[in-house]
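# Summary of structural features
One-letter residues, chain by chain:
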Amino acid sequence: MKCRKCRDKAVINMRQHRLALCKEHYLDWLPEQIEKFIKKYSMFTPHDRILVAVSGGKDSLALWDILIRLGYQADGLYIGLGIEGGIGYSEQSQLHTEQFADQRGLNLHVESIPQNYGLSIPEMFKRTLRGNKPCSVCGLTKRHVMNRVARDGGYNVLATGHNLDDEAAVLFGNTLQWLSGYLVRQGPVLEASHPGLARKVKPLCRFYERDMAAYALLRGIEYVYDECPYAVGAKSIYYKEVLNKLEADRPGAKLTFYLSFLKAKQKGLFAPDADTNKVDLHTCPTCGQPTTAPIDCAFCRLTAAVSTSD
Ligand code: Q46
Ligand code: ZN
Ligand code: ZN
């Protein structure tokens, strides 16, 4: 297989785009495509200050690398969750993230949940038994910390490395149950709903996981290969497998599924009705973040509950 641009040996063949490219052309092509997508959805401009949530995995590190190569002002945020899982998961992912930032002279914020709150995510989960695994405690905590660091650091954009496979799996799950509230909010950009909150963007959400892995590999980015041990058995992984079967028979099916959803949204198919659109947000008296709760926000109630449950 030859590169379409220079006829050298291709290193990647993207069946969904009917495009094969050599290493050099691929490493230019992908950031160009991502930049087009960033502009199409008016995610941010070179004047914005972007905080990239980095987990030590291929997608978020590749995203950070690409934003820097494209000339954006992007700093990183790593949140240490204190997850061991027999593989030193948090330790390994922090190591890769710090090495990545050091080697490139980038600015990385590191927040440790066990240090800040006295308990790791699995320990918090054991005390609250919120959900059937630590993920709901984890999601709530990560959202809170990301908002706080973005607010305190004066970042107006918060970028995450969700790729097309992640987004298509979420969309599939939301569609199977017609979760209209989630469908309304799902998309490449979530505008800040409150002063002091950053706009949330997903610049990779129309790019295949496989293509992001190829980019990370070809750029020599060292990332943690293992997924979080608690991801095992997640519904989203099952949905990814189902979508991969579809993709194997019909290359491009995943991309069409997601992009058709975005088009339908643009046409107003999932326009929020007056009621769901009007959520009253208050300021949490303890942490100052916006919340729909009339009292403390869910995160402050969680930390209060775990600290008093000895
Ligand atoms: S939510 Fe759950 Fe993830 Fe947190 S506990 Fe691991 S799998 S890291 S995206
Ligand atoms: Zn080439
Ligand atoms: Zn709060």
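Figured I'd write up the structure that's included with this text. Position numbers for residues start from 1 in each chain and track the written sequence from start to end. Both sets of labels track the order of writing: A upward for chains, 1 upward for ligands. Only residues with pLDDT of 70 or above have their local features reported here, since the model is predicted, and side-chain atom pairs are shown and tallied only from 80 upward, although totals for entire chains, interfaces and linings are computed over all residues. Only hydrogens and water are set aside; all other atoms, that is, all heavy atoms of the structure, feed into the side-chain values.

## Remarks on the coordination of the zinc ion (ligand 2)
- Here the term donor refers to an N, O or S atom within 2.8 Å of the metal (or 3.2 Å for Na, K and Ca), and because water is left out of the atoms, sites may appear incomplete. For the zinc ion (ligand 2), the full set of protein donor atoms is Cys-3 (SG), Cys-6 (SG), Cys-22 (SG) and His-25 (ND1), at a range of 2.1 to 2.4 Å.
- Around the zinc ion (ligand 2) sit 4 donor atoms; with metal-centred angles ranging over 101 to 116°, the donor geometry is tetrahedral.
- Considered as a linear motif, the donors of the zinc ion (ligand 2) on their single chain read C-x2-C-x15-C-x2-H. Of this pair, Cys-6 sits in the segment before strand E1 (12–14) while His-25 sits in helix H1 (residues 23–40), placing them 19 residues apart in sequence.
- Since its relative accessible area comes to 30%, Cys-6 is described here as partly exposed.
- With relative accessibility at 21%, the residue His-25 sits in the partly exposed group. Between 85 and 135 degrees for all angles marks four donors as tetrahedral; over 155 degrees for opposite donors together with 65 to 115 for all other angles marks four donors as square planar and six as octahedral; every other arrangement is irregular. Secondary structure elements are taken from DSSP: a helix is a run of H or I of four residues or more, a strand is a run of E of two residues or more, and numbering for both begins at the N terminus. Three labels apply to residues, based on accessible area from a 1.4 Å probe with only protein chains included: buried if under 20% of the type maximum, exposed if over 50%, partly exposed otherwise in between.

## Re the pairing of strand E5 (residues 108–112)
- Two strands qualify as a pair provided that DSSP identifies no fewer than 2 bridges between them. Bridge count for strand E4 (residues 73–80) against E5 is 5 bridges, and the pairing is parallel. Opposite Tyr-78, over in E5, you have Val-110 as the bridge partner.
- Crossover handedness is defined by viewing with both strands directed away from the observer: a clockwise path from the first strand over the helix to the second marks the crossover as right-handed. Taken together, E4, helix H3 (residues 89–104) and E5 form a β-α-β motif whose crossover is right-handed.

## Brief notes about the side chain of Lys-58
- On the secondary structure map, Lys-58 appears in helix H2 (residues 58–69).
- Take Lys-58: its relative accessible area is 13%, and that puts it in the buried class.
- Any pair of N or O atoms that falls within 3.5 Å is considered a polar contact. Within protein, one atom must be able to donate a hydrogen and the other to accept it, and sequence-neighbouring residues count only if both atoms are side-chain atoms. Looking at Lys-58, its side chain comes within polar contact range of the side chain of Asp-59, at 3.2 Å.
- A distance of 3.3 Å separates the side chain of Lys-58 from the side chain of Glu-209, its partner in a polar contact.
- Should any heavy atoms of two residues lie within 4.5 Å, those residues are considered in contact. Once residues lying within four places of it in the same chain are set aside, the contact partners of Lys-58 are Glu-209, Ala-213, Ala-216 and Tyr-223.

## Details of the packing of helix H5 (residues 121–128) against helix H6 (residues 135–153)
- At a closest axis distance of 9 Å, the pairing of H5 and H6 adopts a crossing angle of 120°. Of the possible angle classes, the one that applies to H5 and H6 is oblique. In this structure, the crossing between H5 and H6 has a hand that is right-handed. Of H6, the residues touching H5 (which contributes Ile-121, Met-124, Phe-125 and Thr-128) are Val-137, Cys-138 and Thr-141.
- Under the scheme applied, nonpolar residues are Ala, Val, Leu, Ile, Met, Phe, Trp, Tyr, Cys and Pro; charged residues are Asp, Glu, Lys and Arg; polar residues are all the others, including Gly. Of the residues assigned to the contact of H5 with H6, the class counts are 5 nonpolar, 2 polar and no charged. Lines fitted to the C-alpha atoms define the axes, with helices restricted to the stretch that makes contact. Angles between their N-to-C directions range from 0 to 180 degrees. Oblique is the label for every angle not falling under 35 degrees (roughly parallel), over 145 degrees (roughly antiparallel), or within 65 to 115 degrees (roughly perpendicular). In this scheme the crossing of two helices becomes right-handed for a clockwise turn of the near helix relative to the far one and left-handed for an anticlockwise turn of less than a right angle.

## Section: the pairing of strand E3 (residues 49–53)
- Taking burial as the measure, the 5 residues of E3 include 4 buried ones, the bulk of the element.
- One ladder, built from 5 bridges, connects E3 with E4; its direction is parallel. The residue of E4 that forms the bridge with Ala-53 is Leu-77.
- Handedness of the β-α-β unit built from E3, H2 and E4 comes out right-handed.
- Looking at chain direction, E3 and strand E6 (residues 157–159) are connected through 3 bridges and run parallel. Residue pairing across strands places Leu-51 opposite Leu-158, the latter belonging to E6.

## Some thoughts on the coordination of the zinc ion (ligand 3)
- Distances from the zinc ion (ligand 3) to its protein donors, Cys-284 (SG), Cys-287 (SG), Cys-297 (SG) and Cys-300 (SG), fall at 2.3 to 2.4 Å.
- Geometry at the zinc ion (ligand 3) is tetrahedral, judged from its 4 donor atoms and the angles of 106 to 115° they form at the metal.
- The sequence pattern describing where the donors of the zinc ion (ligand 3) fall on their chain is C-x2-C-x9-C-x2-C. Residue Cys-287 is found in the loop between strand E9 (282–283) and strand E10 (290–291), and its partner Cys-300 is found in helix H13 (residues 298–307); the two are separated by 13 residues along the sequence.
- For Cys-287, a relative accessible area of 18% translates into the label buried.

## Brief notes about the packing of aromatic side chains
- A pair of Phe, Tyr and Trp rings is counted when the ring centres sit within 6.5 Å of each other, with Trp represented by its six-membered ring. The angle between the planes then sorts it: under 30 degrees is stacked, over 60 is edge-to-face, the rest tilted. Scanning the entire structure with this criterion turns up 11 aromatic pairs.
- Seen in terms of ring centroids, Tyr-238 and Tyr-239 are 6.1 Å apart; in terms of plane orientation they differ by 50°. Their pairing is tilted.
- Its relative accessible area of 52% is what places Tyr-238 among the exposed residues.
- Judged by its relative accessible area of 12%, Tyr-239 falls in the buried class.
- Among the aromatic residues, those joined into a ring-pair cluster are Phe-172, Tyr-238, Tyr-239 and Phe-257.
- Each ring is checked for a lysine NZ or an arginine CZ that lies within 6 Å of its centre and within 35 degrees of its normal; such an atom marks a charge sitting over the ring. Above the ring of Tyr-155, the side-chain terminus of Arg-49 is found at 4.2 Å from the ring centroid.
- Lying over the aromatic face of Phe-207, Arg-206 brings its terminal NZ or CZ to 5.4 Å of the ring centre.

## Some remarks on the nonpolar core
- In this text, buried Ala, Val, Leu, Ile, Met, Phe, Trp, Tyr and Cys residues form a nonpolar core when linked through side-chain atoms within 4.5 Å. With 53 residues, the main nonpolar core has Tyr-26, Leu-30, Phe-44, Ile-50, Trp-64 and Leu-67 as its most contacted residues.
- Looking at which element gives the most residues to this core, the answer is H1, with 7 residues.
- Excluding anything up to four places from it in sequence, Tyr-26 contacts Ile-12, Met-14, Leu-21, Pro-31, Asp-211, Met-212, Ala-214, Tyr-215 and Leu-218.
- Core analysis: the second largest hydrophobic core is formed by 30 residues, Ala-53, Ile-83, Val-149 and Cys-284 among them.

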